[in-house]
Amino acid sequence: MEKIFTLEREMLAGRDITGLYDAIAAALGYDISDESLRYDCRKVCISENIREMLYKTYETENKQAFLENSELAAFEVTRRLLLYGPKVDADLPDNTVRTEEGFVFYERDKKEA
């Protein structure tokens, strides 16, 4: 089942992709301390401003890389988002997330399937 919801800006700021996924899972009611919890990046979309926050987080965490070669560093962030990140839905309002069923799952359940 698809779920669309808004996260507080404070829950989003300063988070990398994994931290974002944890925040989304927590908002969905999952216990993020469970080590078997996994995420499927194909089943989540975010608003444009959340993607921008992810870029800012990576830039803040990797200041030297951005100082040395900002184009290459930005490319690396883009690569991470393409490989592991949520997709942007330009129609979603700020701070909004859309998840599909199966975004959050337990590793043990996937092995049994």
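This section reports on the structure supplied with the text. Just so it is clear, the model here is predicted, and its values are computed rather than measured. (Residues numbered from 1 in each chain as written. Predicted model: local features only at pLDDT ≥ 70, side-chain atom pairs only at ≥ 80, totals over all residues. Heavy atoms only, no water.)

## Re the side chain of N95
And then number 1: Tracing the backbone through its elements, the reader meets N95 in the loop between β4 (87-88) and β5 (96-99).
And then number 2: N95 has contacts with F5, T6, L7, R9, L12, S47, N49, I50 and M53, leaving out every residue within four places of it along the chain. (Helix = DSSP H or I, 4+ residues; strand = E, 2+ residues; numbered from the N terminus. Contact = heavy atoms within 4.5 Å.)

## Here's the deal with the nonpolar core
And then number 1: In terms of nonpolar packing, the biggest core is built from 25 residues, with L20, Y21, I24, I50 and V97 touching the most fellow members.
And then number 2: Of all the secondary-structure elements, those providing two or more residues to this core are α2 (17-27), β3 (44-46), α3 (48-61), α5 (70-84) and β6 (104-106).
And then number 3: For I24, the contacting residues outside a window of four places in its chain are F5, L7, V44, V97, T99 and F103. (Core = buried A, V, L, I, M, F, W, Y, C linked by side-chain atoms within 4.5 Å. Buried < 20%, exposed > 50% of the residue type's maximum accessible area, 1.4 Å probe, protein only.)

## Quick word on the layout of surface pockets
One way to see where empty space is left: roll a probe the size of a water molecule over the atoms.
And then number 1: Within this model, the largest pocket holds a volume of roughly 160 Å³.
And then number 2: Lining the largest pocket we find M1, K3, L28, Y30, T99, E100, E101, G102, F103 and V104.
And then number 3: Of the residues assigned to the lining of the largest pocket, the class counts are five nonpolar, two polar and three charged. (1 Å grid on protein atoms, 1.4 Å probe; cavity = no way out; pocket = protein on both sides within 12 Å on 5 of 7 lines; lining within 4 Å. Points joined across faces, edges and corners; volume = space filled by probe spheres on them. Nonpolar A, V, L, I, M, F, W, Y, C, P; charged D, E, K, R; others polar.)

## Describing the packing of aromatic side chains
And then number 1: Within this structure, the stated rule accounts for four aromatic pairs.
And then number 2: With 5.5 Å between their ring centres and 20° between their planes, Y39 and F103 make a pair best called stacked. One end of the pair, Y39, is in strand β2 (residues 37-39); the other, F103, is in the loop between β5 and β6, and 64 residues separate them in sequence. (Phe/Tyr/Trp six-rings, centres within 6.5 Å; stacked < 30°, edge-to-face > 60°.)

## Description of the environment of N62
And then number 1: Looking at where N62 falls in the secondary structure, it is placed in the loop between α3 and α4 (63-68).
And then number 2: Sequence-wise, N62 and R9 are 53 residues apart; in three dimensions their C-alpha atoms are separated by 22 Å.

## A short note on α5
And then number 1: Here α5 contains 15 residues, and its C-alpha end-to-end distance of 21 Å stays within 8% of the 21 Å for a straight helix at 1.5 Å per residue.
And then number 2: Those residues of α5 lying buried are A73, V77 and L81. The arc that holds every buried residue of α5, seen down its axis, measures 85°, which confines them to one face. In α5, those exposed residues whose orientation departs by more than 90 degrees from the buried face are E71, L72, F75 and L82.
And then number 3: Against the buried residues of α5 lie α2, α3, α4 and β4. (Expected span 1.5 Å × (residues − 1). Arc of directions from axis to C-beta.)

## Things to note about the state of the cysteines
And then number 1: For the coordinates displayed, the defined rule picks out zero disulfides.
And then number 2: No disulfide involves C41; its nearest neighbouring cysteine sulfur is the one of C45, lying 11 Å away. (Disulfide = S-S within 2.5 Å.)

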